[in-house]
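Structural description and commentary
For reference, the chains in residue letters:
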Amino acid sequence: MKKFTLHKGTVAPMDRANVDTDLIIPKQFLKSIKRSGFGQNLFDELRYLDEGQPDQDASQRPLNPDFVLNQPRYQGASVLLARKNFGCGSSREHAPWALEDFGFRAIIAPSFADIFYNNCFKNGLLPIVLDEAVVDQLFDELQATEGYALTIDLEQQVVCKPDGSKIEFSIDAFRKHCLLNGLDDIGLTLQHADDIHAYEARRRVAAPWLFDTTK
Amino acid sequence: MAGKTLYDKLWQDHLVRQNDDGSALIYIDRHLLHEVTSPQAFEGLRLANRKPWRIDANLATPDHNVPTTDRSSGVQGIVDPVSRIQVQTLDDNCASFGITEFKMNDLRQGIVHVIGPEQGATLPGMTVVCGDSHTSTHGAFATLAHGIGTSEVEHVLATQCLITKKMNNMLVRIDGELGTGVTAKDVILHVIGVIGTAGGTGYAIEFGGTAMRSISMEGRMTICNMAIEAGARVGLVACDQVTVDYVKGRPYSPKGEDWDRAVEAWKDLVSDADAQFDAVVEINAADIEPQVTWGTSPEMVTGISGKVPNPAAETDAVKREGYSRALQYMGLQADQDITAIQLDRVFIGSCTNSRIEDLREAAAVVKGHKVASTLKQALVVPGSGLVKAQAEAEGLDKIFIEAGVEWREPGCSMCLAMNPDKLGAGEHCASTSNRNFEGRQGFGGRTHLVSPAMAAAAAIAGHFVDVREFVKH
Ligand code: SF4
């Protein structure tokens, strides 16, 4: 998993509440055998004028010019500013996969759906919860300033605005540790590789029939 | 100190590390894979440049997408391109990582939960996981087994462990004797009817009591298979002589000296007499009659002599609403006799009921009869190539075919309609599978869950009948 320490990026707005996982990535793309490549279908129904199908070349599809992420000023954005209850709906990991694959590293919202929030951390995305009033303010500033960028300092737990002011945010210490060090669940478990080897060694003696079976 | 439950023992045996936050790292002895939930996990491994931790703990087979008709053109013959790619991807991933796979045209191919036990790849005392919720099936062997998600599939591949939390213990005690014509499927449907689809949430359910001892391994698998339908990720049955006899001599079962040691170790795979359960449910086996689900959730079930319930009689508003919606979807009338439900299709198969014993039960009912002319289709889909071969050796295929029942190649088939075997909108199906959710067997399809014997009798009659009466005539 990618580390997240200090990130500076331009911001794009997603100005609606209760953005669900179906909106983030529609169900037809779940048939895919891949974990990457979902970025081109992020917000598919909003982003394109036609109905998307898996394994289609998205560069040939008609874009919806009104959709915010299609506007020139938001190209290359890596921070998503969103409204409350972002990521509600199913438990599909395809939602964070799509956001991450598109290029987002952080999402700022007044609240997130539980499972989605968890899934973000498994996939190197930082979800940041800020007060609703603060988020409103950010939406206003973003609207007013082309190329609006924020700097997110995870170590210090602050979002730095272009004017130099700072907004603090809170995050669970364990999750912060994992993101700072780029540790996914697998990376963390592998830190205990010695314990696993020791267990296997004991087990091989106690129950040798459990090993080398399907070879 | 109170004794330990079987679940406590299995947990303790596999604990690699207990974390401070209550989560734990447990070791996984067997990881089963199929084509639907594994591709992203393999891709994740590749992206992170990781290798599987222990290749020989894995065993794979395609089952959800495979056609159950002619397979002579192999994977290339799978019509739906998305299905074909999924199956091909499993083949490719297993080949490149060196994982043993029973491919589509291998005689040993079949539904992942059928082939594990059949090969002796599922053994008492193991932990077994698979990216599929019906992994609870394997608990019939006194095995700690449950379904996992795609991220966890990757985690198990990479570390041979799972991060998880301990569940609570529930005992469902079924005492007494089952009546003739009453099978393991009826037992589990009845239990779900009693405790509800959320009744087992957060629990590992051990099925015990005197009735369980006389139920075969096939029957125990049927029961544990549907533990998840009662909300419990884990179902368990204590190890006894029936278990040991079933496991003996299978390809991956221990041999020689190892066998003797294993059998000795397995004797401890029972809950201690003084073990404390967090919840106990008592069921009298004699109360159970053949079951039929009438609604869109497995808990919407009643005996064959029963009626479709009347929502108006329900005092609980949420239930009343749920019942009304279910009757609407199912196209049934309140207070209608279960035996008056006319059928369009009959499906005998799935990881719940596609083993040899299930097929024998169905064949015994069908023998000498013809499928009702009002039926569009009746099909039997064996759980594995080996089950199919065994059934053919016993002449069961002929009994089915002579009766007008289709005899197919092994796979999940009409259980979830990911391959071409599907219900049409509005069609009623007597199905031996495990889920009667809206659209599960095809868009708009109406599923009634039953035992293989009940499905077979319904195929002959064209509507539900009491298999106990049917056999008498
Ligand atoms: S038979 Fe049905 S329930 Fe069983 S693994 Fe296949 S799709 Fe799932």
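Residues numbered from 1 in each chain as written. Chains lettered and ligands numbered in written order. Predicted model: local features only at pLDDT ≥ 70, side-chain atom pairs only at ≥ 80, totals over all residues. Heavy atoms only, no water.

A word on helix 11 (residues 317-330) of chain B. Residue and element names in this part refer to chain B. When the terminal C-alpha atoms of helix 11 are compared, their 20 Å separation across 14 residues agrees well with the 20 Å that a helix rising 1.5 Å per residue should span. Of all the positions in helix 11, only Gly-322, Tyr-323, Ala-326, Leu-327, Tyr-329 and Met-330 are classed as buried. What you see down the axis of helix 11 is that its buried residues fit within an arc of 160°, all on one side. Summarising the geometry of helix 11, the exposed residues directed more than 90 degrees from the buried face are Arg-325 and Gln-328. Against strand 18 (428-431) and strand 19 (446-449) lie the buried residues of helix 11. For helix 11, the N-terminal capping position is held by Asp-316, with its side-chain oxygen 2.9 Å away from the main-chain nitrogen of Val-318. Looking one or two places after helix 11, you find Gly-331, whose phi comes out positive at around 65°. (Helix = DSSP H or I, 4+ residues; strand = E, 2+ residues; numbered from the N terminus. Expected span 1.5 Å × (residues − 1). Buried < 20%, exposed > 50% of the residue type's maximum accessible area, 1.4 Å probe, protein only. Arc of directions from axis to C-beta. Contact = heavy atoms within 4.5 Å. Polar contact = N/O pair within 3.5 Å; in protein donor to acceptor, adjacent residues only side chain to side chain.)

Residue and element names in this part refer to chain A. Burial along strand 3 (residues 106-109) is two-sided: Ala-106 and Ile-108 facing one way and Ile-107 and Ala-109 facing the other are all buried. Two elements, strand 2 (residues 79-82) and strand 3, share three bridges in a ladder whose sense is parallel. Residue pairing across strands places Val-79 opposite Ala-106, the latter belonging to strand 3. Pairing between strand 3 and strand 4 (residues 126-129): four bridges, direction parallel. Residue pairing in the sheet places Ala-106 in a bridge with Leu-126 of strand 4. (Pairing = 2+ DSSP bridges.)

Moving on: the sheet that holds strand 4 of chain A. Residues and elements named next belong to chain A. Strands sit in the order 4-3-2-1-5-6-7 across an open sheet of seven strands; the sheet is mixed. Here the strands that pair on one side only, and so sit at the sheet edges, are strand 4 and strand 7 (166-168). Going from strand to strand, the sheet's axes swing by 30° on average, the running direction of each strand aside. Here strand 6 (residues 158-160) pairs with strand 7 via three bridges, running antiparallel. Note on strand 7: the bridge partner recorded for Val-158 is Glu-168. Against the sheet, helix 5 (residues 132-144) makes contact with strand 1 (6-14), strand 2, strand 3, strand 5 (149-153) and strand 7, and its axis sits at roughly 120° relative to strand 2, the strand it touches most. (Axes fitted to C-alpha atoms, helices over the stretch in contact; angles between N-to-C directions.)

A word on the environment of Pro290(B). All names here are of chain B. Within the element layout of this structure, Pro-290 appears in the loop between strand 12 (279-284) and strand 13 (291-293). As a C-alpha pair, Pro-290 and Glu-177 span 113 residues in sequence and 14 Å in three-dimensional space. Not counting residues within four places of it along the chain, the set of residues in contact with Pro-290 comprises Gly-181, Val-182, Asp-186, Thr-302, Gly-303, Ile-304, Met-454, Asp-466, Val-467 and Arg-468.

Here we take up the interface of chain A and chain B. For interface size, the figure often reported is the accessible area lost on association. Listed as interface residues are 37 residues of chain A and, on the opposing side, 46 residues of chain B. Interface of chain A and chain B: buried area, both sides summed, is about 3500 Å²; carbon and sulfur atoms make up 57% of it. When the area that chain A buries against chain B is broken down by residue, the three leading residues are Ile33(A), Trp209(A) and Thr214(A), summing to 23%. Counting across the chain A and chain B interface gives four salt bridges. A salt bridge links Asp195(A) to Arg17(B); the shortest N-O distance between them is 3.6 Å. The tally of links between chain A and chain B comes to 19 residue pairs in polar contact (both at pLDDT 80 or more). Put simply, the parts of the chain that give the side of chain A that touches chain B at least two residues each are helix 3 (94-102), helix 7 (185-190) and helix 8 (193-206) of chain A. A per-element tally of the side of chain A that touches chain B places helix 8 of chain A first, with ten residues. (Buried area = accessible area lost by both parts, 1.4 Å probe. Salt bridge = Lys/Arg side-chain N within 4 Å of Asp/Glu carboxyl O.)

Our focus in this paragraph is the nonpolar core. With 97 residues, the main nonpolar core has Val172(B), Ile174(B), Phe207(B) and Trp266(B) as its most contacted residues. The greatest single-element share of this core, amounting to seven residues, is contributed by helix 6 (residues 184-195) of chain B. One finds Val19(A), Cys88(A), Ala113(A) and Ile171(A) within the second-largest nonpolar core, a separate group that totals 57 residues. (Core = buried A, V, L, I, M, F, W, Y, C linked by side-chain atoms within 4.5 Å.)

Residues and elements named next belong to chain B. At a minimum axis separation of 10 Å, helix 2 (residues 39-47) and helix 3 (residues 81-97) run at an interaxial angle of 40°. One finds that helix 2 runs oblique with respect to helix 3. Classified by chirality, the crossing of helix 3 by helix 2 is left-handed. Residue-level inspection shows Pro-39, Phe-42, Leu-45 and Arg-46 of helix 2 in contact with helix 3, the latter providing Thr-89, Asn-93, Ser-96 and Phe-97. Of the residues contributing to the contact of helix 2 with helix 3, the split by class is four nonpolar, three polar and one charged. (Parallel < 35°, antiparallel > 145°, perpendicular 65-115°, else oblique. Left-handed = near helix turned anticlockwise from the far one by under 90°. Nonpolar A, V, L, I, M, F, W, Y, C, P; charged D, E, K, R; others polar.)

Worth remembering: the numbers are spatial, not functional.
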